[in-house]
Amino acid sequence: MNDVAGGSGAVLAADRTDMDRSAHNPPLRSQYLARCQLTIILHVGSRRARSATTPKDYLIWPRTAHPQSGIVALGWGLLSKLSFFLKSGVRSTMRICLSLDPSRTLRWHLWLAEALAEVPGNDVSCALAAGSRPLPVVFRLLLQLERLLYGYRVKGATDPVEAALRSLPPPSADGVDVLIDLSGEEPLPSGRRVLTPLFNGLAGEIGVMAALANDQDLLIELHDTARPSESWTARPASVDREVFAATLDSVLSCAVALILKALREEPSSAVSGVSGPPAAVPSLGALSAIVYGTVASKALQFLDSLARGGRSWGIGWRFDQAASLLDKGEAAFRVLTGDSGSFLADPFPFRHQGQDYIFVEQYLYTKNRGCIAVIKADRSGTASAPQIVLEEPHHLSYPFVFEQDGQIWMIPESGAVRNVSLYRAIEFPYRWKREACLLEGIEGYDTTPLRHEGGFWFFVSPRLWRSTSWDVLSLYRAESLTGPWTPHAANPVLLDAALSRPAGAVIRHGGRTLRPVQDCARRYGGAVTFCRIDALGASEFAQTPVGRIWSGPFGCHTYNRRSGLEVIDLFGHVRGLREVTTSYQLLGADVSTLAQHGRSLSRPGGQPVGPAAAPRKRRASSPILARKIKG
């Protein structure tokens, strides 16, 4: 039997005999319509516990029933509107309670409460646990020390915001629909569905600290009583694993996104990744050692940077019309670096009228921001100095250049001003004009367009709260390049530091569609992984890791190839480096767990994507060593 509250589009009615009799009897007609409305109200109001009325009273009244009867048609119209109203109200109303430890009322809890309250119909409340487990004193001292060392100030994820959270109303006396357990205490307020986040197997922020102390990959598991056999999972990135405040900002921002995603999707719509072993809680002595070890480590790194000139980004390039790095397995790349006042990253090749160009981000230390530059590359092995072709008052990078409808376009990264903008070449390659704003109000990074099945797609990594943006992937679709752009139904489709952020244009290789992604699981720009796109549609996305680029001691977070010109970028001690050997390795059955968590927050199914479109990029290092950390 179809269910009004479940969105079937049918309307529940009383016995068909009553319907037939009421069409010709005014008193019965009034009673009949009243009974129909009451039946709907009772039915919708008791979605979880059916009324005791016999099944005969819940027959389906199809639109085609007795079309000759005007009163039946009128009844259908009234009931249809009423059922739509009731259905919409029931489906959009949700009573949500945050269970908090009174000693740990933190800003990330407020971010979650505010995001939940923004959803129409949500009723957000707060319950304080009877017991308390405050953060260890050494933990709080470490965060204060980091604020002094690295300039972290206000609005961090672990800042106390007790007054704002205590201002939330208490939960309803008859229970709530969803309880989010952020206290780890028993007993909990009653709730039909309970969500409990664990950080590397531990409740509370101390789990993040334990993971760092034990040198584990960061993992969030969201236990959900609506799907007890499997957890929602996310694998967040960290700007610097030795800066705990920054790591907590990233991980707790990701936890908020994961909780919101779990509440939006049906419990059975996602497949959990493989959980890691529970972490051991470090002792206070171990945490104290971390405090002093962090300071000592940073001091040594600073002295090393002075002695060796520090690490920065550069680009590698090579010509090979016959075979790519993915075909050869290993290849030598010439290296280009910026001068003493800049670095180069995010290379995108483009060939126009017989000339090869490499568009790059050129980051200027004097202005503390990036701009877009172009390099002329010659097939004899020479390259020109970079020349700036696009500069704005804000940071620009990741210059995705492509041709469409007889024009040459560029979509550079402009997350600093919270938009995605489209530029057109009016005098290629040196003059560009901003033609349109494609997405507004999103701090998106490394936007990578793709033509697929007659439409356009964007792969983009947004920054959420105080996250890094390295561990989030969202998709958008439009019928034309200029939009309007519609977000994917499952956004963010991935929360995974190893497999989310774009690293270049989607390519076709060996009959497969491959998406280069940045592996930021251990550090920003650690390597580039190639993921086969298995499904891409309005409500599905799936990918499988199949290969990986390694550049020895150097990090890498961009790969592109066009017209035989192949480019990468490199992070490390690249000054004075002339050439680097880079390898590509296939991923085998031993990385099946990677394949699983690559789809851990995606929906299976869909059709293979068609021909692809263009490029990718990003930057970062420790707060002391790097002149800037890319978005």
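Residues numbered from 1 in each chain as written. Predicted model: local features only at pLDDT ≥ 70, side-chain atom pairs only at ≥ 80, totals over all residues. Heavy atoms only, no water.

Undergrad: Where do I start with the overall build of the protein in this structure?
TA: Assigned secondary structure in the protein consists of 11 helices and 30 strands. Taken across its 631 residues, the protein has 56% of its residues classed as buried. Taking as baseline every contact in the protein between residues at least 6 positions apart, the subset at least 24 positions apart corresponds to 65%. For the protein, the computed accessible surface area is about 26,000 Å², with 54% contributed by carbon and sulfur atoms. (Helix = DSSP H or I, 4+ residues; strand = E, 2+ residues; numbered from the N terminus. Buried < 20%, exposed > 50% of the residue type's maximum accessible area, 1.4 Å probe, protein only. Contact = heavy atoms within 4.5 Å. Areas by Shrake-Rupley, 256 points an atom, 1.4 Å probe, with all protein chains shown as cover.)

Undergrad: Which parts of the structure should I look at to understand unusual backbone geometry?
TA: With the exception of glycine, the majority of residues adopt a negative phi angle, and the majority of peptide bonds are in the trans configuration. In the segment running from F428 into P429, the intervening peptide bond is cis, with an omega of 0°. Relative to the elements of secondary structure, P429 occurs in the loop between β17 (419-427) and β18 (431-440). Backbone geometry at D346 places phi at a positive 55°, although glycine is not the residue there. Secondary-structure assignment places D346 in strand β11 (residues 342-352). Classification of D346 by relative accessible area gives buried; the value is 0%. A positive phi angle is found at W465, which is not glycine, with a value near 55°.

Undergrad: Honestly, the pairing of strand β13 (residues 369-377) in this entry has me stumped. Any pointers?
TA: Look at any regular strand and the pattern is simple: side chains alternate between the two faces of the sheet. The element β13 is extensively covered by neighbouring structure, given that seven of its nine residues are classed as buried. Pairing geometry for strand β12 (residues 355-364) and β13, over nine bridges, is antiparallel. Each bridged residue has a counterpart across the sheet, and for I358 the counterpart in β13 is I375. Where β12 folds back on β13, the antiparallel hairpin that results is connected by four residues, among which N368 adopts a positive phi of roughly 55°. Relative to strand β14 (residues 387-390), β13 runs antiparallel, the two sharing three bridges. In the strand pairing of β14, V374 is matched with Q387. (Pairing = 2+ DSSP bridges.)

Undergrad: I tried to follow the packing of helix α5 (residues 137-150) against helix α8 (residues 244-264) on my own but got confused; where do I start?
TA: Each pair of packed helices can be described by the angle between their axes along with the distance between the axes. Put simply, α5 and α8 touch, their axes get as near as 8 Å, and they point 105° apart. In terms of axis orientation, α5 runs roughly perpendicular to α8. Each of F139, L142, L143 and E146 in α5 lies in contact with α8, whose residues at this interface are F244, A245 and L248. A per-class count over the contact of α5 with α8 returns six nonpolar, no polar and one charged. (Axes fitted to C-alpha atoms, helices over the stretch in contact; angles between N-to-C directions. Parallel < 35°, antiparallel > 145°, perpendicular 65-115°, else oblique. Nonpolar A, V, L, I, M, F, W, Y, C, P; charged D, E, K, R; others polar.)

Undergrad: Just checking my understanding: could you explain the nonpolar core for this structure?
TA: Buried together is how nonpolar side chains tend to be arranged in soluble globular proteins. The biggest cluster of nonpolar side chains holds 51 residues, and the ones touching the most others in it are W108, L112, L116, I180, F199, I220 and L263. No other element matches α8, which puts 14 residues into this core. Once you skip the residues sitting within four places of it in the chain, I220 turns out to touch L198, F199, W232, T233, A234, P236, V251, C254, A255 and L258. If you look at the next biggest cluster of nonpolar residues, it comprises 35 residues, including V374, Y423, I442 and V460. (Core = buried A, V, L, I, M, F, W, Y, C linked by side-chain atoms within 4.5 Å.)

Undergrad: What am I meant to see in the sheet that holds β11 here?
TA: Read across the open sheet, the four strands follow the order β11-β12-β13-β14; overall the sheet is antiparallel. Two strands bound the open sheet, and with one partner strand each, they are β11 and β14. Taken over all neighbouring pairs, the strand axes of this sheet differ in orientation by 35° on average, direction set aside.

Undergrad: For this particular structure, what's the right way to read the confidence of the model for the protein?
TA: Reading predicted coordinates in detail is not appropriate for stretches of low pLDDT. Looking at the protein as a whole, the pLDDT averages 78, with 71% of positions reaching at least 70. Note on residues 269-282: pLDDT under 50 across the span, and 44 contacts to partners over four residues away in sequence or across chains. (pLDDT = per-residue confidence, 0-100.)

Undergrad: I'm lost on the side chain of R95 in this one. Help?
TA: Here R95 is to be found in strand β3 (residues 94-100). By relative accessible area, R95 is classed as buried at 19%. Dropping the residues within four chain positions of it, R95 is found in contact with D123, S172, D174, G175, V176, D177, V178 and R192.

Undergrad: How should I be thinking about the packing of helix α7 (residues 206-213) against α8 in this particular structure?
TA: At a minimum axis distance of 10 Å, the contact between α7 and α8 shows a crossing angle of 125°. Compared by their axis directions, α7 and α8 come out oblique. Considering how the two elements wind past one another, α7 and α8 form a crossing that is right-handed. Between α7 and α8, the residues in contact are V208, M209 and L212 and F244, T247, L248 and V251, respectively. In terms of residue class, the contact of α7 with α8 is made up of six nonpolar, one polar and no charged. (Left-handed = near helix turned anticlockwise from the far one by under 90°.)

Undergrad: Sorry, what's going on with the environment of A538 here?
TA: Mapped onto the secondary structure, A538 falls in the loop between β26 (527-536) and β27 (541-550). A residue is classified by how much of its surface remains accessible, and A538, at 60% relative accessible area, is exposed. Excluding anything up to four places from it in sequence, A538 contacts W457, H488 and A489.

Undergrad: Explanation requested: the environment of L536 in the structure shown.
TA: Topologically, L536 is positioned in strand β26. For the pair L536 and L475, spaced 61 residues apart in the sequence, the C-alpha separation amounts to 9.6 Å.

Undergrad: How should I be thinking about the sheet that holds strand β15 (residues 397-404) in this particular structure?
TA: Sheets are built from strands that pair by backbone hydrogen bonding, the pairs being arranged parallel or antiparallel. With antiparallel pairing, the four strands of this open sheet are ordered in space as β15-β16-β17-β18. Of all strands in the sheet, those bounded by a partner on one side alone are β15 and β18. Averaged over all pairs of adjacent strands, the angle between their axes in this sheet comes to 25°, without regard to strand direction. Sheet analysis places strand β16 (residues 407-413) next to β17, joined by two bridges and oriented antiparallel. Directly across from M410, in β17, lies its bridge partner Y423.

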